[in-house]
2 protein chains.
Amino acid sequence: MSRTKARTTLLQELEEAMRRSSAQGVLYGQTVANVAGIANSDLECMDILYLEGRVTAGRLAEVTGLTTGAITGVVDRLEKAGLVRRERDEKDRRKVFISVVPEKAMKIGQLYVPMQQAMEKVFGAYSDEELRLLLRFATEGYKGVLAATEALKSLLDTPPEKRPDLKLKKLRRET
Amino acid sequence: MSRTKARTTLLQELEEAMRRSSAQGVLYGQTVANVAGIANSDLECMDILYLEGRVTAGRLAEVTGLTTGAITGVVDRLEKAGLVRRERDEKDRRKVFISVVPEKAMKIGQLYVPMQQAMEKVFGAYSDEELRLLLRFATEGYKGVLAATEALKSLLDTPPEKRPDLKLKKLRRET
DNA sequence: ACATATATCTTAGTCACTAAGAGATTTAGC
DNA sequence: GCTAAATCTCTTAGTGACTAAGATATATGT
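Note that the structure is a prediction, hence the values are computed from the model and not measured.

### A look at the interface of chain A and chain B
Across the contact, 79 residues belong to chain A and 79 residues belong to chain B. Here chain A meets chain B over a buried area of about 7,800 Å², counting both sides, of which 69% is carbon and sulfur. For the pair chain A and chain B, the interface holds 6 salt bridges. The residue aspartate 128 of chain A makes a salt bridge to arginine 7 of chain B at a minimum N-O spacing of 2.5 Å. The interface formed by chain A and chain B contains 14 residue pairs in polar contact (both at pLDDT 80 or more). Broken down by secondary-structure element, the contributors of at least two residues to the side of chain A that touches chain B are α1 (7-36), α2 (40-52), α5 (102-110), α6 (113-124) and α7 (128-157) of chain A.

### Regarding the pattern of salt bridges
For the structure shown, the criterion picks out 28 salt bridges over all chains. We note a salt bridge from arginine 136 of chain A to glutamate 130 of chain B, for which the minimum N-O separation is 3.9 Å. Taken as a pair, arginine 136 of chain A in helix α7 and glutamate 130 of chain B in helix α7 (residues 128-157) lie in two separate chains rather than in one. The exposure class assigned to arginine 136 of chain A is partly exposed, which follows from its relative accessible area of 37%. The salt bridge partner of lysine 153 of chain A is glutamate 150 of chain A, with a shortest N-O separation of 3.9 Å. You can see lysine 153 of chain A and its partner glutamate 150 of chain A sitting in helix α7, 3 residues apart, about one turn around the helix. Connected via shared salt-bridge partners are Glu52, Arg59 and Glu62 of chain A.

### Focus: the environment of aspartate 42 of chain B
Residue and element names in this part refer to chain B. With respect to the element layout, aspartate 42 can be found in helix α2 (residues 40-52). What makes aspartate 42 buried here is its relative accessible area of 2%. Each C-alpha atom, one on aspartate 42 and one on valine 75, is 7.7 Å from the other, the two residues being 33 residues apart in sequence. In this structure the side chain of aspartate 42 is engaged in a polar contact, spanning 2.8 Å, whose partner is the side chain of arginine 77.

### Section: the relation of the copies chain A and chain B
Turning chain A through 180° and shifting it by 0.0 Å along the axis lays it on chain B, with an RMSD of 0.0 Å. Considering both components of the superposition, the chain copies are consistent with a two-fold axis. Closest to the rotation axis within chain A is the C-alpha of serine 22 of chain A, separated from it by 3.0 Å. In this assembly the copies share their binding face: 100% of the residues contributing to the interface of chain A also contribute to that of chain B.

### Observations regarding the side chain of threonine 149 of chain B
Structurally, threonine 149 of chain B can be placed in helix α7. Side-chain polar atoms of threonine 149 of chain B contact the side chain of glutamine 24 of chain A, separated by 3.2 Å. In contact with threonine 149 of chain B, not counting residues within four places along its chain, are Gln24, Tyr28 and Thr31 of chain A.

About the criteria used
Residues numbered from 1 in each chain as written. Chains lettered and ligands numbered in written order. Predicted model: local features only at pLDDT ≥ 70, side-chain atom pairs only at ≥ 80, totals over all residues. Heavy atoms only, no water. Contact = heavy atoms within 4.5 Å. Buried area = accessible area lost by both parts, 1.4 Å probe. Salt bridge = Lys/Arg side-chain N within 4 Å of Asp/Glu carboxyl O. Polar contact = N/O pair within 3.5 Å; in protein donor to acceptor, adjacent residues only side chain to side chain. Helix = DSSP H or I, 4+ residues; strand = E, 2+ residues; numbered from the N terminus. Buried < 20%, exposed > 50% of the residue type's maximum accessible area, 1.4 Å probe, protein only. Least-squares fit on C-alpha atoms with pLDDT ≥ 70 in both.

Dropping the structure here:
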């Protein structure tokens, strides 16, 4: 092994570091839900509503992967908490649009402040040039993970006994 | 706004990209659990067992944040699936060590192959120098998120009416 | 009009989780 | 050594979010 870290070591460390930070990110989200006093899926839906604005119940089911029945429950709870409103579409009265109630939802937004501050601090240490590299990486990483997820999902449709036996290069860590 | 992307825009895009890739990472994990036919927490425990090796039931509860009762259920299911074994500690017979059964667990390890391949492909496009930057970022990012989580958790112990009113800089996205 | 499609909600049942406390074993104090 | 307290896992009862299937209401195509 050379004086500068060998590439394989570097890759392993990188994988490990990304796994950890990603896991911690999940934990942050759970903590937000916890402090806000709502379920995890409820928070996820609030997130989607922030990103997409006014959205139908069916769309929420689509994006979250939950059944429409489950979404009914999510929206019931959020509505009871005053965080969202149901609005029937006047053009197509089957549809129900869900929209956030900004004043209430803001309190949840506040829970992301510690995270934003932490990220600001981290990002602050990098030049524009470096940030562009990080952006490129994040974007490509996303595409990679997306593709991997699709590849894995296709296994779900294949009956177990017919699955191509993937060659496992190494266990994720020897113990 | 200058010809090169303004820094604020860059930061926003970066935040967005990281959020998306992180969310997709979670989805990958859920898909793995799905294909493996085990619950999410069960998979998380398998992960911990890979990382830490032979571990007590109590330690699993500690790391996952589940109650010991819940862990009993997790281990019951994993044991029934043949993925782990319970082993009473001979020195302290109250303790129960959990250890993976490598032959069976390998099948789950295989489900990470698509992800590993995707990551290899992404990482392959970067120089050692660049990878070191990414590693540094991932490590610092982890610390940041960890600190943010702790900060948020401390709110949990503060009764809601006494919570310092965090100043919300901006909603995460205007719609 | 009528059948079919679409969007949400309802119902019944399942599963992982928590809280509380019951064993079983170890440790500490006297 | 013996008893009390502490530690570790498991058990029990109850809860809450989820799915599957189908009910309800509205829209669309022939």
